[in-house]
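Chain by chain, the residues run as shown.
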Amino acid sequence: ASWEARAMLSNPNGVGRQGMRFVALFISLQVLLYAASSDAQYGGHYGGGGYDDGEDMTDRAVEYYMMQQQAAQQQHVQQQEFMRQQQAQYQRQQQQQAMQQEAMRQQQMQAEAMRQEAMRQAMYEAQADAEEEERYYQEQMYRQQAAQQQQQAQQQQVKQKQAYEIQMEQARKKQQMQKQAVAGATLDDASALSEKGTMMMRDGNYLESLTIYDKCLSIQLAHLGDLHPMVARTVDLMGVALLRLGAPEEALETFEKAIYIQEAAYGQNSHPDWALTVLHAGQAYELEAESLSRDGPKAEWSRDLDDLTEKAWELYEKALDVFQAQVEVNEPDVDVANVVHAMGNIHNIRGEYMEALRKFKYALEMRIKIFGEDDVTVAWTKVNIGNAFKGMFKVEEAMKWYHEALGTVNAEFGNDHPEVAHLHWNIALCYLTKGEVDAANRKLGWFKRWPFTWFSEGAKRRLVHEGADFAKMEKHLVHAFEVFVSRLGEDHLSTNRATMALMALRELKRD
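Residues numbered from 1 in each chain as written. Predicted model: local features only at pLDDT ≥ 70, side-chain atom pairs only at ≥ 80, totals over all residues. Heavy atoms only, no water.

Can you lay out the overall build of the protein for me, pointing to particular residues and giving the numbers?
When helices and strands are counted, the protein shows 17 helices and 0 strands. Out of the 511 residues in the protein, the part that is buried amounts to 32%. Partitioning the intrachain contacts of the protein with sequence separation of at least 6 by distance along the chain shows that 61% fall at a separation of at least 24. (Helix = DSSP H or I, 4+ residues; strand = E, 2+ residues; numbered from the N terminus. Buried < 20%, exposed > 50% of the residue type's maximum accessible area, 1.4 Å probe, protein only. Contact = heavy atoms within 4.5 Å.)

Requested: an account of the packing of helix H10 (residues 334–350) against helix H12 (residues 376–391), with residues and values cited.
Look at H10 against H12: their axes get within 10 Å of each other, and the N-to-C directions meet at 20 degrees. In terms of their interaxial angle, H10 and H12 are classed as roughly parallel. At the point where H10 passes H12, the crossing takes the left-handed sense. On H12, the residues touching His-341, Asn-345 and Asn-348 of H10 are Trp-380, Thr-381, Asn-384, Asn-387 and Ala-388. Residue classes in the contact of H10 with H12 are distributed as 2 nonpolar, 6 polar and no charged. (Axes fitted to C-alpha atoms, helices over the stretch in contact; angles between N-to-C directions. Parallel < 35°, antiparallel > 145°, perpendicular 65-115°, else oblique. Left-handed = near helix turned anticlockwise from the far one by under 90°. Nonpolar A, V, L, I, M, F, W, Y, C, P; charged D, E, K, R; others polar.)

Can you lay out the environment of Asp-214 for me, pointing to particular residues and giving the numbers?
Note that Asp-214 resides in helix H5 (residues 206–224). Residues Asp-214 and Gly-197, spaced 17 residues apart in sequence, show a C-alpha to C-alpha distance of 9.5 Å.

Let's hear about the side chain of Thr-408: which residues, and what values?
By the secondary structure assignment, Thr-408 is in helix H13 (residues 395–413). Not counting residues up to four positions away in its chain, the partners in contact with Thr-408 are Asp-374, Asp-375, Val-376 and Ala-379.

Please give an account of the nonpolar core that cites residues and values.
Tyr-316, Val-339, Val-409 and Leu-423 are the most contacted members of the largest nonpolar core, which totals 89 residues. Sort the elements by how many residues they give to this core and helix H9 (residues 298–325) lands first, with 11 residues. Setting aside anything within four residues of it in sequence, one finds Tyr-316 in contact with Leu-279, Gly-282, Gln-283, Glu-286, Val-339, Ala-342, Met-343 and Ile-346. (Core = buried A, V, L, I, M, F, W, Y, C linked by side-chain atoms within 4.5 Å.)

Talk me through H5; I want residue IDs and the actual numbers.
Compared with an ideal rise of 1.5 Å per residue, which puts 19 residues at 27 Å, H5 spans 26 Å between its outermost C-alpha atoms and is within 8% of the ideal. Every buried residue of H5 is listed here: Tyr-206, Ser-209, Leu-210, Ile-212, Tyr-213, Asp-214, Cys-216, Leu-217, Ser-218, Ile-219 and Gln-220. Positive backbone phi, approximately 90 degrees, marks Gly-225, located one or two places after H5. (Expected span 1.5 Å × (residues − 1).)

Please set out a nonpolar patch on the surface residue by residue, giving values where relevant.
On the surface, a nonpolar cluster with roughly 270 Å² of combined accessible area is contributed by Val-62, Tyr-65 and Met-66. Positionally, Val-62 belongs in helix H3 (residues 54–182). (Patch = residues over 30% accessible without salt bridge, like charges linked within 9 Å, V, L, I, M, F, W, Y side chains within 5 Å. Areas by Shrake-Rupley, 256 points an atom, 1.4 Å probe, with all protein chains shown as cover. Salt bridge = Lys/Arg side-chain N within 4 Å of Asp/Glu carboxyl O.)

So what's going on with the side chain of His-341? Residues and values would help.
Tracing the backbone through its elements, the reader meets His-341 in helix H10. What makes His-341 buried here is its relative accessible area of 9%. Here His-341 is in contact with Phe-360, Ala-363, Arg-367, Trp-380, Thr-381 and Asn-384, once residues within four sequence places are set aside.

Residues and numbers for the layout of surface pockets, please.
Approximately 280 Å³ is the volume attributed to the second largest pocket. Looking at the lining of the second largest pocket, the elements that each hand over two or more residues are H5, helix H6 (229–244) and helix H7 (248–266). Element by element, the count of residues in the lining of the second largest pocket is highest for H7, at 4 residues. Each residue belonging to the lining of the second largest pocket can be placed in one class, and the counts come to 6 nonpolar, 1 polar and 4 charged. (1 Å grid on protein atoms, 1.4 Å probe; cavity = no way out; pocket = protein on both sides within 12 Å on 5 of 7 lines; lining within 4 Å. Points joined across faces, edges and corners; volume = space filled by probe spheres on them.)

I'd like a rundown of the pattern of salt bridges, residues and numbers included.
Per the stated rule, a full pass over the model turns up 13 salt bridges. A salt bridge links Arg-233 to Asp-236, with the shortest nitrogen-to-oxygen separation between them at 3.3 Å. Here the residue Arg-233 and the residue Asp-236 both occupy positions in helix H6, the gap between them amounting to 3 residues, near one helical turn. Taking relative accessible area as the criterion, Asp-236 reaches 1% and is therefore assigned buried. Of the charged contacts, one joins Asp-307 and Lys-311 as a salt bridge, the two residues approaching to 3.5 Å between their closest N and O atoms. Here Asp-307 pairs with Lys-311, and both are found in helix H9, just 4 residues apart, close to one helical turn. Overall, the relative accessible area of 33% leaves Lys-311 in the partly exposed class. Several salt bridges converge on common partners, so that one network encompasses Glu-373, Lys-382 and Glu-404.

Could you give an account of the packing of H6 against helix H8 (residues 272–290), with specific residues and numbers?
Where H6 contacts H8, the two axes come as close as 10 Å, and the packing angle between them is 20 degrees. On the basis of the axis angle, H6 is roughly parallel to H8. Note on packing geometry: the crossing formed by H6 with H8 is left-handed. Where H6 abuts H8, its residues Arg-233, Asp-236, Val-240 and Leu-243 lie against Leu-276, Thr-277, His-280, Gln-283, Ala-284 and Leu-287. Split by residue class, the contact of H6 with H8 holds 5 nonpolar, 3 polar and 2 charged.

Could you give me a rundown of the packing of aromatic side chains, with the residues and numbers involved?
Taken as a whole and assessed by the stated rule, the structure comprises 2 aromatic pairs. Measuring from centroid to centroid gives 5.7 Å for Tyr-136 and Tyr-137, while their planes differ by 65 degrees, and the two rings are edge-to-face. A residue is classified by how much of its surface remains accessible, and Tyr-137, at 48% relative accessible area, is partly exposed. When the ring of Trp-380 is compared with that of Phe-413, the centres are 6.3 Å apart and the planes differ by 15 degrees; the resulting orientation is stacked. Taken together, the residues span a long stretch of sequence, with Trp-380 in helix H12 and Phe-413 in helix H13 at a distance of 33 residues. Trp-380 gets classed as partly exposed once you look at its relative accessible area, which sits at 22%. (Phe/Tyr/Trp six-rings, centres within 6.5 Å; stacked < 30°, edge-to-face > 60°.)

Break down a negative patch on the surface for me, with residues and values.
On the surface, Glu-125, Asp-129, Glu-133 and Glu-134 cluster together to form a negatively charged patch. The residue Glu-133 is located in helix H3 in this model. Given the relative accessible area of 45%, Glu-133 is considered partly exposed. (Lys, Arg positive; Asp, Glu negative; His and termini not counted. Charge placed at Lys NZ, Arg CZ, Asp CG, Glu CD.)

Structure follows, in structure tokens:
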């Protein structure tokens, strides 16, 4: 057994830890058995001289084994405690490292926040400097503009003063001339001048008629004073001349003066002369509405258009009430026909063409009953009926009414009269509308497809104005332009419109 134990001890790799414990136990038992046998043979330490039997030996071996087991267990506990302490220390180290990393991260975040704050502060300061510099330059610019405006205002005041002095000098000379003209002139002379001015007006010489009316007014003022009805009548005729000259605002001021004189003489809403002047004032608003520019947003110019037409309509209603009170119901009356005709013009300007046609046809029937079919007033009503049909794109019907009127006015006034030129202007516009309608009927939908959209606008314009209708439009337009320039002057509203139309015509021909 000792040999085997030594063999096992000499080869510790052959057994495991448990095997080593077994070997140690086995050797211990061998030693105890050997000691017991020796004690029994030679005597023990105690009085009996050795152990009583082998059981005592076994108990000691077991006790020794238990002691070994307890020692091993204590050693295991110590090892476990050591490992726990090592693990706790490792955890503390990990926590310390995490705390250090968190502290570093917080420091980095704080440093980044400080850096960003510094950048924001720098940007804010730079922006503040830029705004301050911008305010400085704006203040400088405003001061320069204020100085320029002040200088311009001073120059304008000087010019206005000079113009005023010139006007005063002209007025003084005119007054002297009027006094010289009035000297020895009678009211019969004033009546003759009034009739002459009316004839000049009928022939289309509006500027000359205005001059004659002015002379007539000077005589009447000298004999009758400022508030006489004859003075109001002459002032009203001067306003009509201004309307024909395309100056609706000046005409409106003139009509208001006449209305003031008539109301002082007759009262308001009572006399036919007052109603006639009110009708003319409404026509001034009508001409303003007709001449209103359609450029810019529709909401803006349509609001102005509604305001002007509403003012004209209110004046027409006042005049109509007075005229209708003078005649029997359904009795033909020139003044009633004139007001209804003017109301039709308002519907036409607003685009209410069916209502315009009703008014025009009513006025046409009354005028035919009063004057006959060939009267010039009937012809002007036919022109406006054609305008209504043109607005509804019924160009063939419009052309029929235009040509009926053209024969009458040519026979009455000649082809070079301004009002006849206005009819040629309307015919030219009707040919333009006809070209647009014909182009739409040719179904130009292919222009909306790519790549035709790149050049469709010019092609559309050529198709709209191609053929014989284009030549007819050009003929009437050129004739209207030449008459406007020669009879009304280059600054007249109708001349300006015709000039713009001719420029557009040349552009179309170039395309």
